[in-house]
Amino acid sequence: MRYSAFSIVKNALSGNLKWKPQWRQAEPKSHYDVIIVGGGGHGLATAYYLAKEFGVKNVAVLEKGYLGSGNVGRNTTIVRSNYMLPGNEPFYEFSMKLWEGLERELNYNVMLSQRGVIMLYHNDGQRDAYIRRGNAMWMEGVAAELIERDQLKKMIPFLNYDHARYPILGGLLQRRAGTARHDAVAWGYARGADRHGVDIIEHCEVTAIRRENGVVSGVETTKGFIGCGKLALAAAGNSSRVSEMADLKLPIESHVLQAFVTEGLKPCIDHVIVYGGGHFYISQSDKGGLVFGAEIDGYTSYAQRGNLATAEHVMEEGVTMIPGLSRVRVLRSWAGVMDMSMDGSPIIDRTPIDNLYLNCGWCYGGFKATPASGYCFAHLIAKNDTHPVARFLRLDRFARGYAVDEAGAGPQPNLH
Amino acid sequence: MASLITCPHCGVRPKEEFAIRGDASLVRPAPTASDEAWHDYVYVRTNPRGRTLEHWQHVAGCRRFLVVERDTFTHDVHSVTDGAAFARENGR
């Protein structure tokens with residue numbers, strides 16, 4: 001059913017009893033052309049673009065839990081394309097452009113809100129770095145604005161401008177960036193993929209990858225063996241575990257990242273604000289809650305829960321930036337497992353096994369990449385060739401000496 | 001994550017006194033080892049879900065490097081050994 005104003009009126013008149021489920025509860029067939037492991041944003045987007053753009057219709061998405069139960073339902077919903085390196089910026093800008101057309105594309109309200117993302121600077125060195133980053137963005141055709149202190153004070157009056165250690169001197173603003181409704185992205189892609197014939201199989205965990213003559217022939221799952229022509233892994237924090245089934249070791253460590261939401265408030269924070277003295281970021285959801293987070297906890301973990309000391313640290317950063325936050329009550333917190341790569345940038349690539357494809361290493365920035373990740377991964381799977389904007393995001397880049405290290409932190413995943 | 005770590009030199013201390021360096025199961029290759037061996041050592045991780053060995057430095061205490069054995073899923077800490085003692089025991 002196509003959603004429209006007309007469909008809302010029509011269903012209202014029949015008591016809203018005739019709405020159909022947004023996707024079928026599919027049972028696995030014995031064989032698919034492509035199996036995607038992981039029913040999160042990236043897996044579902046890959047399935048959608050495979051079926052819609054690249055004409056590969058016989059596709060299954062296997063999800064071990066319920067749809068969108070991983071990081072696509074656990075992030076802070078920020079979308080932006082303000083990266084610096086030429087290996088990243090065209091990719092994320094491609095994603096930003098897909099975001100801008102996504103609601104029309106999916107016929108689904110993903111509540112994209114281009115409210116602007118502003119990253120604050122606190123000293124001259126940071127100002128220089130942001131000018132450089134802004135220029136790098138302009139070179140890729142992406143608008144960036146340097147907002148100086150006086151102008152910023154008019155835009156965002158409630159910041160702690162005169163903090164002794166981290167005075168706020170200004171910020172780098174990308175106006176087109178903003179937020180989107182994370183669950184709706186998963187549901188919208190699932191509905192879109194389903195409409196193009198993709199089988200979405202929930203509660204179906206992959207337990208082994210079967211190989212014959214050096215290529216993948218299928219996967220053992222909790223719902224039995226399923227054969228496939230090509231296997232695509234989009235398992236985020238569990239990428240190392242899934243690829244281990246094919247004897248692949250990855251340049252990935254799984255870390256835990258926490259996020260928080262406060263009680264609902266009247267509209268007060270109009271942008272996404274990122275603190276430059278730490279890693280704190282905050283925005284206000286349409287329900288009114290302030291959604292925020294900061295650094296990863298710093299230790300490897302597969303548990304979807306974090307440490308209280310990190311929670312305290314995040315709150316301290318927030319109150320340093322916005323003193324008024326100290327009066328707001330936190331409603332709940334949660335955590336997700338991040339596939340931290342060795343340079344902080346993702347991997348969309350083939351593997352040493354011919355028909356096995358890999359999509360991982362999203363660190364804590366995977367949500368904004370969802371559309372481009374899906375598109376580029378689908379391109380790779382369908383054509384066996386890398387999409388031009390993802391050409392730097394290769395698995396073998398470390399061996400070749402082409403790490404894409406935005407933070408300049410080196411091969412130390414808990415520092416990215 | 002456990003909130004307390006038992007340092008073999010300083011006793012029970014809060015986890016925030018320690019800095020985490022990373023996987024301690026890796027063995028540094030010889031300087032003349034192949035590029036592949038060095039690549040695997042620097043970039044590739046087993047990333048287990050379960051028991052793991054990690055280098056932790058007690059930066060706000062004795063400043064010794066320690067080897068912490070803990071579980072990445074339950075967050076239990078099983079043992080904490082001094083780094084030098086661990087290396088001797090394992091013939092490194």
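None of these values were measured; they are calculated from a predicted model. Each residue is numbered by its place in its chain's sequence as written, counting from 1. To read the labels, note that chains go from A and ligands from 1, taken in the order they are written. At least 70 in pLDDT is required for a residue's local features to be given in this predicted model, at least 80 for side-chain atom pairs to be given and counted, and no such filter applies to totals for whole chains, interfaces and linings, which use all residues. Excluded from the side-chain calculations are hydrogens and water; all other atoms, namely the structure's heavy atoms, are used.

K.L.:
Provide a residue-level description of the overall build of chain A, including the pertinent values.
P.N.:
Each helix and strand counted, chain A has eleven helices and 18 strands in total. Radius of gyration (C-alpha) of chain A: 21 Å, near the 22 Å computed for a compact globule of 416 residues. Working definition: with a 1.4 Å probe on protein chains only, accessible area under 20% of the residue-type maximum means buried, over 50% means exposed, and in between means partly exposed. Residue burial in chain A is summarised as follows: out of 416 residues, 59% are buried. Of the contacts formed within chain A by residues at least 6 apart in sequence, a portion of 74% connects residues at least 24 apart. Surface accessibility in these figures is a Shrake-Rupley result with a 1.4 Å probe; residues are shielded only by whichever protein chains are displayed. About 17,000 Å² of surface is accessible on chain A, with carbon and sulfur atoms providing 52% of the total. Going along the chain from the N terminus, every DSSP run of H or I of four or more residues is numbered as a helix, and every run of E of two or more is numbered as a strand. In this setup the radius of gyration rests on C-alpha atoms only. A globule is expected at 2.2 Å times the number of residues raised to 0.38. Working rule for contacts: check all heavy atoms of both residues, and any pair within 4.5 Å makes them a contact.

K.L.:
Requested: an account of the interface of chain A and chain B, with residues and values cited.
P.N.:
Tallying the contact residues gives 23 residues for chain A and 23 residues for chain B. Two parts placed together each lose some accessible area under a 1.4 Å probe, and the buried area is that loss summed for both. For the pair chain A and chain B, the two sides together bury roughly 2,100 Å², of which 51% comes from carbon and sulfur. Just to be clear on terms, a salt bridge is a Lys or Arg side-chain nitrogen sitting within 4 Å of an Asp or Glu carboxyl oxygen. At the boundary of chain A with chain B, the tally comes to one salt bridge. Any pair of nitrogen or oxygen atoms within 3.5 Å is treated as a polar contact; in protein, a donor-acceptor pairing is required on top of that, and neighbouring residues in sequence qualify only through side-chain atoms on both sides. For the pair chain A and chain B, the interface holds twelve residue pairs in polar contact (both at pLDDT 80 or more). Every element with two or more residues in the side of chain A that touches chain B is listed here: α8 (239-244), β12 (252-264), β15 (289-300) and α11 (397-400) of chain A.

K.L.:
Talk me through helix α10 (residues 366-383) of chain A; I want residue IDs and the actual numbers.
P.N.:
All names here are of chain A. Roughly 45° is the biggest bend found in α10, and it falls at Ala-372. With 16 of 18 residues buried, α10 is to be regarded as a mostly interior element. In the stretch just after α10, Asn-384 is the one whose phi turns positive, near 55°. Fitting axes to the seven residues ending at a residue and to the seven starting there, one defines the bend at that residue as the angle between these axes.

K.L.:
Give a detailed account of the sheet that holds strand β6 (residues 77-82) of chain B, specifying residues and quantitative values.
P.N.:
Residue and element names in this part refer to chain B. Reading across the sheet, the four strands line up as β3-β4-β5-β6 and stay open at both edges, with antiparallel pairing between neighbours. What marks the edges here is a single partner per strand, and that holds for β3 (19-23) and β6. Averaged over all pairs of adjacent strands, the angle between strand axes in this sheet comes to 30°, irrespective of strand direction. Pairing between strands requires that DSSP locate at least two bridges from one strand to the other. Here strand β5 (residues 65-71) runs beside β6; their pairing, made up of five bridges, is antiparallel. Bridge pairing links Val-67 to Thr-81 in β6. As a rule, the C-alpha atoms of each element are fitted with a line to give its axis, helices using only the stretch in contact, and angles between N-to-C directions run from 0 to 180 degrees.

K.L.:
Break down the sheet that holds β12(A) for me, citing the residues and quoting the values.
P.N.:
Strands in a sheet are paired, the pairing made by backbone hydrogen bonds, and the direction either parallel or antiparallel. Residue and element names in this part refer to chain A. Strand order in this open sheet of eight strands is β5-β6-β4-β13-β14-β15-β12-β16, and the pairing throughout is mixed. Among the strands making up the open sheet, the edge pair consists of β5 (145-148) and β16 (330-341). Across the sheet, the mean angle separating the axes of adjacent strands is 25° when strand polarity is ignored. Sheet topology places β5 next to strand β6 (residues 170-174); four bridges connect them, and they run antiparallel. Across the sheet, Leu-146 pairs through a bridge with Leu-172, a residue of β6. Sheet contacts for helix α5 (residues 124-139): β4 (117-121), β5 and β6; angle to β4, the most-contacted strand, approximately 150°. Helix α9 (residues 308-321) rests against β4, β12, β13 (272-274), β14 (281-284), β15 and β16 of the sheet, and its axis sits at about 135° to β15.

K.L.:
Break down helix α2 (residues 41-52) of chain A for me, with residues and values.
P.N.:
Residue and element names in this part refer to chain A. Look at α2: 16 Å from first C-alpha to last across twelve residues, which is about the 16 Å you get at 1.5 Å a residue. α2 sits mainly inside the fold: eleven of its twelve residues count as buried. Residues Gly-41, His-42, Gly-43, Leu-44, Ala-45, Thr-46, Ala-47, Tyr-48, Tyr-49, Leu-50 and Ala-51 constitute the buried set of α2. To estimate the expected span of a helix, count its residues, drop one, and scale the result by 1.5 Å.

K.L.:
Can you tell me about the pairing of β12(A), naming the residues and giving the values?
P.N.:
Residues and elements named next belong to chain A. Along β12, twelve of the 13 residues are buried, which leaves the element largely enclosed by surrounding structure. Looking at chain direction, β12 and β16 are connected through eleven bridges and run antiparallel. Within β16, the position partnered with Thr-262 by the bridge is Val-330. Relative to β15, β12 is paired through six bridges, and the arrangement is antiparallel. Looking across to β15, one finds that Gly-264 is bridged to Gly-289.

K.L.:
Account for the nonpolar core, with residues named and values stated.
P.N.:
Residues and elements named next belong to chain A. Grouped together as the largest cluster of nonpolar side chains are 55 residues, with contacts concentrated most on Ile-36, Tyr-49, Phe-91 and Tyr-189. Within the residue set of this core, elements represented by two or more residues are β1 (31-37), α2, β2 (59-62), α3 (89-100), α4 (102-106), α7 (182-195) and α10. Among the elements that line this core, the one with the most residues is α10, at nine residues. Dropping the residues within four chain positions of it, Phe-91 is found in contact with Ile-348, Trp-362, Ala-369, Ala-372, Ser-373, Cys-376, Val-389, Ala-390 and Leu-393. Among buried residues, those of type Ala, Val, Leu, Ile, Met, Phe, Trp, Tyr and Cys that are joined through side-chain atoms within 4.5 Å constitute a nonpolar core. Grouped together as the second largest cluster of nonpolar side chains are 28 residues, Val-216, Ile-226, Ile-252 and Ile-353 included.

K.L.:
Please give an account of the confidence of the model for chain B that cites residues and values.
P.N.:
Here chain B shows a mean pLDDT of 95. Residues at 70 or above account for 100%. Predicted complex metrics record ipTM = 0.94 and pTM = 0.96. The quantity called pLDDT is the predictor's confidence in a given residue, expressed from 0 to 100.

K.L.:
Can you lay out a nonpolar patch on the surface for me, pointing to particular residues and giving the numbers?
P.N.:
Like charges are joined within 9 Å and nonpolar side chains (Val, Leu, Ile, Met, Phe, Trp, Tyr) within 5 Å, but only among residues with over 30% relative accessible area and no salt bridge; these make up the patches. Together, Met1(A), Ile8(A) and Trp19(A) make up an exposed nonpolar region whose accessible area comes to about 290 Å². Considering the arrangement of structural elements, one finds Trp19(A) in the loop between α1 (5-13) and β1.

K.L.:
Please provide a residue-by-residue account of the pattern of salt bridges, values included.
P.N.:
All names here are of chain A. Scanning the model with the defined rule gives 25 salt bridges over all chains in all. The salt bridge partner of Glu-145 is Arg-175, with a shortest N-O separation of 2.6 Å. You can see Glu-145 sitting in strand β5 and its partner Arg-175 sitting in the loop between β6 and β7 (178-179), a full 30 residues away along the chain. Judged by relative accessible area, which is 29%, Glu-145 ranks as partly exposed. What you see here is one network of salt bridges that share partners, running through Glu-93, Lys-97, Glu-100 and Arg-176.

K.L.:
Break down the packing of aromatic side chains for me, with residues and values.
P.N.:
Aromatic pairing here means that ring centres of Phe, Tyr or Trp (its six-membered ring) are within 6.5 Å. Orientation follows from the plane angle: under 30 degrees is stacked, over 60 is edge-to-face, and everything else is tilted. By the definition in use, this model includes 19 aromatic pairs over all chains. Here Trp38(B) and Tyr41(B) contribute two aromatic rings whose centre-to-centre distance is 5.7 Å and whose plane-to-plane angle is 90°, an arrangement assigned as edge-to-face. Of this pair, Trp38(B) and Tyr41(B) are both found in helix α1 (residues 35-43), three residues apart, which corresponds to roughly one turn of the helix. You can call Trp38(B) partly exposed: its relative accessible area is 24%. An aromatic cluster is defined as three or more aromatic residues linked by ring pairs; in this entry it consists of Tyr48(A), Tyr49(A), Phe54(A), Phe94(A), Tyr189(A) and Tyr375(A).

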